[in-house]
Amino acid sequence: MPSGPNREKARIVIAGINHNTAPLELREKLSFSNGETVEAILELKSMVEIREVIIISTCNRMEVMMTADDPDKAVARFKAYLSSTRSMPPADFEGALYIHKDDEAVSHIFKVAASLDSMIVGEPQILGQLKQAYQSAVGAKGTGVILNRVMHKAFFTAKCIRSETGIGSRAVSISYAAVELAKKIFGRLNEKTILLIGAGEMAELAVAHLIHNHADGRRYIANRTFATGEALARRFNGQAIRFEEIEDTLVSADIIISSTGAPGFIINAKKIKPVMRARRNRPLFFIDIAVPRDIDPGINRIDNAYVYDIDDLNGVIDENMDARHKESIKAERIIDQAVIRFRQWYDGLDIVPTVKALHDRLSFIADAEIKRTLPGLDKFSETDALALKRMTEAMIKKFLHHPTLFLKNTGSHTDKALYLDITRRLFHLEPDE
Amino acid sequence: MTTNTLLIPALMLYLAGSAGYVLFFLVQKESWYRAGFISVLAGFLFHTCAIGYKYAHGGRLPVANLHETILFAAWILAGFFILIRYRGRVKILGVFAVPLVALMTGAAILLPDTIVNLKTPFNSIWLFIHIILIFTGEAALALACGTAILYLIQERAIKTKSNRFFFKRLPSLEMLDSTGYAFIVGGFTALTIGLISGFVYARQAWGHFWSWDPKEVWSGISWLIYAALLHERIVAGWRGRRAAILAIAGFIILVFTFLGVSLFLGGHHYEFTRW
């Protein structure tokens, strides 16, 4: 961004914390509720140092984006506000606070919108949260020409990235991988019966994730300790069964998640063959999260039965991680281009380039019209043409005299960027629109 | 005008359609799928004109020599593929069906369109039904075979846990299995009615329902394979890999019945596949 002495345009600055810089405890303390957001925007907007303001607060991040003549002063004001409303000395959160200015700030917000800065890269909720934050800011009249543009471009770029790269389409956790596989086997998970053997965080997460993906059939929970099984059954709205009943349940179950501490296999291949006959060969999918394994890998050789153990699932995840990394390189390239385009617009948002663009536009139109008209006139000499050219030049200058004066003196209380932006749009001076 | 004036653009469009579907398979972009389908649609239009032209000239269904028979079979297959596209969930099937249509159209262009004087009467409604239904049944069973091949590839990918290339690009096993089953039910029904109308026609034309003609025998064998497949599925719940293998085997026998019997074994269908 230009940094000459005559710069009158507001600069963009972001100050914030996220899951990488601050622990949950601090994030909780610094977060804003919906009501607090509006209140804070009104308060911050009333300060002379701050021109525009948006506050983004989710469980993983809290950021404020502002435009200001002097970004450092604006950030200092924000810190003071934060410190007084949370009754915390600034020293308690300053270490976690990152500050981005100008291009860097634009690039950062584009990345946040595209979910490149998320804890789980590619998770889709952030875009919705950002839109909500923007709406609150617009509602509280916190935004102006520059931040409106930044946010619209952030949403647009995020959409481009979602449709042009594979970000967000790949599983990167055990439970995601299990759901992905189950979908490739069963198509839809509706009415699929789940059998959970044993307990454990990962296994329970996988069950929860399957249910979240519409696996709405019956749920059975088998546990050595029946009481534990019953507690889990209540949680998943299922039915606790005894270990001895597993074999019979296999006839109706479709997805089996096993995670016990047993030293040997709990389900052997020999037992599965009659089960498959009784199931009329409907597919059976075993997810074996236990180490050592619970499910005999020989079952995978039986038709319509599929066994994935923890290593197999990790293999799926690793490949997805690799692919996601490649996709995020693609996404960063899209963001770089978007930042450059934004910067072109921003640079144009000054009096000199706007007046020049305006002049060029009018000259272009006048020249084109002269070129079209001249061949039709026969008694026109070279000097006549020159005179005509000079005449149009003079007209353009006179046309532009008052608009130029107006743009130079819009008054100290008004937002110059607004008039410049309107002028550019009125005369269609944007190269990319 | 020769029909090739219409068939060469049809072939070109089918080839473009094949490319579209292959690209859709590789890069998974919806636009390639749409482009592929539009090409096939345009190719089918030319193809239909060619068939209509032949029908108008000959006053009968164009199935009097190998050129015509293959051309007609390709036309039915393309038509069937377009028709089911609106109901079909397995978009990727075009990767199999469209190149097959292109191959058949190409083969038909290369084969000579010999003029034949048919001995058999051609103006029976039973023969008309017979031809249309047999070809429609074969088209459905061809797609069943394609679906079965895709099933086997996807099943391998899931079992071996290594082939992520196909895993990501192919639909779920359940979808492939149920789609293949639907094709077999439809194809088998059409085949059955087609065979019955053939018998009725044979009775009218030659005086007896069944004459141990090689094509009749092989048609019977194909029919039995599909009957067995359906029976096992309904009674014993046969599905998945074994059902897929049988669907492929059934189609191979069917292709042999369609081409091989006439070429190698002769019989009263011989004149329809002469070249």
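Quick caveat, the model's predicted, so the values are computed rather than measured.

Sorry if this is basic, but what is going on with the overall build of chain B here?
A tally of regular secondary structure across chain B gives 9 helices and 0 strands. Of the regular secondary structure in chain B, the N- to C-terminal order runs α-α-α-α-α-α-α-α-α. In summary, chain B has a C-alpha radius of gyration of 19 Å against a globular reference of 19 Å for 275 residues, a match within 12%. Taken along the three principal axes of its C-alpha coordinates, chain B extends 60 × 50 × 30 Å. The buried share among the 275 residues of chain B stands at 52%. Put simply, chain B shows about 12,300 Å² of open surface, and 72% of that area lies on carbon and sulfur atoms. Taken together, the 22 basic and 11 acidic charged side chains of chain B have centroids lying 11 Å from each other.

Is there a simple way to think about the domain arrangement of chain B in this case?
Quoted interface sizes are often the accessible area lost when the parts come together. Residues and elements named next belong to chain B. By domain assignment, chain B separates into domain 1 (1–116) and domain 2 (118–275). Taking the mean C-alpha position of each, domain 1 and domain 2 sit 19 Å from one another. Taken together, the two surfaces of domain 1 and domain 2 that pack against each other cover about 2,800 Å², and 82% of this comes from carbon and sulfur. At the junction of domain 1 and domain 2, the tally comes to 0 salt bridges. One can count 2 residue pairs in polar contact (both at pLDDT 80 or more) joining domain 1 with domain 2.

Would you explain helix α15 (residues 382–408) of chain A in this entry?
An α-helical segment advances 3.6 residues per turn. Residues three or four places apart therefore align on the same side. Residues and elements named next belong to chain A. Relative to the 39 Å expected for 27 residues at 1.5 Å per residue, α15 spans 38 Å between its end C-alpha atoms, a close match to the ideal helical length. Along α15, the largest kink reaches about 35° and is centred on His-401; proline Pro-403 follows within four residues of it. Of the residues making up α15, those classed as buried are Thr-392, Ile-396, Leu-400, Thr-404 and Leu-407. Along its buried surface, α15 packs onto α14 (351–373) and α16 (416–426).

I would appreciate a short explanation of the interface of chain B and chain A in the present structure.
The interface of chain B with chain A comprises 26 residues on the first partner and 26 residues on the second. Interface of chain B and chain A: buried area, both sides summed, is about 2,000 Å²; carbon and sulfur atoms make up 43% of it. Taken as a group, B:Lys159, B:Lys161 and B:Arg164 account for 32% of the area that chain B buries against chain A, more than any other trio of residues on that side. There are 2 salt bridges connecting chain B and chain A. Here A:Asp312 makes a salt bridge to B:Lys161, at a shortest N to O gap of 2.6 Å. Summed over the shared surface of chain B and chain A, the result is 16 residue pairs in polar contact (both at pLDDT 80 or more). Listed by contribution, the elements that provide at least two residues to the side of chain B that touches chain A are α5 (125–160), α6 (164–169), α7 (173–206), α8 (214–236) and α9 (241–265) of chain B. Among the elements that make up the side of chain B that touches chain A, the one with the highest residue count is α5(B) (6 residues). Class assignment of the residues belonging to the side of chain B that touches chain A gives a composition of 11 nonpolar, 5 polar and 10 charged.

Any chance you could explain a nonpolar patch on the surface here in plain terms?
All names here are of chain B. A contiguous nonpolar patch, built from Val-22, Leu-23, Leu-26, Val-27, Trp-32 and Phe-165 and spanning about 470 Å² of accessible area, is present on the exposed surface. If you tally residues by element for the nonpolar patch, the top one is helix α1 (residues 4–27), at 4 residues. Its location among the elements puts Val-22 in helix α1.

Please explain the nonpolar core as it appears in this structure.
For soluble globular proteins, the rule of thumb is that nonpolar side chains tend to be buried together. Core analysis: the largest hydrophobic core is formed by 110 residues, its most contacted members being A:Leu210, A:Ile255, A:Ile257, A:Phe285 and B:Phe72. In this structure, A:Ile255 is in contact with A:Ala182, A:Phe186, A:Leu189, A:Lys192, A:Thr193, A:Ile194, A:Leu195, A:Leu210, A:Phe285 and A:Ile287, ignoring residues within four places of it in sequence. By size, the runner-up hydrophobic cluster in this structure holds 72 residues, among which are A:Ile54, A:Ala105, A:Ile126 and A:Leu130.

Could you clarify how one ought to interpret the side chain of A:Ser107 in this entry?
Residue and element names in this part refer to chain A. Secondary-structure assignment places Ser-107 in helix α5 (residues 102–113). Residue classification places Ser-107 among the buried positions, given a relative accessible area of 14%. Beyond its immediate chain neighbours, meaning those up to four positions away, Ser-107 contacts Ile-335 and Val-339.

How should I be thinking about the sheet that holds strand β4 (residues 98–101) of chain A in this particular structure?
The pairing of strands in a sheet happens through backbone hydrogen bonds and is either parallel or antiparallel. All names here are of chain A. Taken together, the 4 strands give an open sheet; going across it, the order is β2-β3-β1-β4, and neighbouring strands pair in antiparallel fashion. What marks the edges here is a single partner per strand, and that holds for β2 (52–57) and β4. Taking the axes of each pair of neighbouring strands and ignoring which way they run, one obtains an average angle of 15° across the sheet.

I keep staring at the environment of A:Val38 and nothing clicks. Help me out?
Here A:Val38 is to be found in helix α2 (residues 34–45). Here A:Val38 falls in the partly exposed class, since its relative accessible area comes to 31%.

I would appreciate a short explanation of the pattern of salt bridges in the present structure.
Here the idea is simple: oppositely charged side chains can pair when their charged atoms come close. On inspection of all chains with the given rule, the structure shows 29 salt bridges over all chains. Among the salt bridges present, the one from A:Glu247 reaches A:Lys271, with a minimum N-O distance of 3.8 Å. With A:Glu247 in helix α11 (residues 246–249) and A:Lys271 in helix α12 (residues 269–278), the pair connects residues that are 24 residues apart, well separated along the chain. A relative accessible area of 40% means that A:Glu247 is categorised as partly exposed. The salt bridge involving B:Lys91 is made with B:Glu30; its shortest N-O contact spans 2.6 Å. On the criterion of sequence distance, the pair formed by B:Lys91 in the loop between α3 (66–85) and α4 (94–110) and B:Glu30 in helix α2 (residues 30–58) is long-range, its members being 61 residues apart. Through salt bridges with shared partners, a single network forms among B:Glu174, B:Asp177, B:Arg233 and B:Arg239.

Each value, and the rule that gives it
- Residues numbered from 1 in each chain as written.
- Chains lettered and ligands numbered in written order.
- Predicted model: local features only at pLDDT ≥ 70, side-chain atom pairs only at ≥ 80, totals over all residues.
- Heavy atoms only, no water.
- Helix = DSSP H or I, 4+ residues; strand = E, 2+ residues; numbered from the N terminus.
- Rg over C-alpha atoms; globule rule 2.2 N^0.38 Å.
- Buried < 20%, exposed > 50% of the residue type's maximum accessible area, 1.4 Å probe, protein only.
- Areas by Shrake-Rupley, 256 points an atom, 1.4 Å probe, with all protein chains shown as cover.
- Lys, Arg positive; Asp, Glu negative; His and termini not counted.
- Charge placed at Lys NZ, Arg CZ, Asp CG, Glu CD.
- Domains from an automatic or database assignment.
- Buried area = accessible area lost by both parts, 1.4 Å probe.
- Salt bridge = Lys/Arg side-chain N within 4 Å of Asp/Glu carboxyl O.
- Polar contact = N/O pair within 3.5 Å; in protein donor to acceptor, adjacent residues only side chain to side chain.
- Expected span 1.5 Å × (residues − 1).
- Bend = angle between axes of the 7 residues up to and from the residue.
- Contact = heavy atoms within 4.5 Å.
- Nonpolar A, V, L, I, M, F, W, Y, C, P; charged D, E, K, R; others polar.
- Patch = residues over 30% accessible without salt bridge, like charges linked within 9 Å, V, L, I, M, F, W, Y side chains within 5 Å.
- Core = buried A, V, L, I, M, F, W, Y, C linked by side-chain atoms within 4.5 Å.
- Pairing = 2+ DSSP bridges.
- Axes fitted to C-alpha atoms, helices over the stretch in contact; angles between N-to-C directions.

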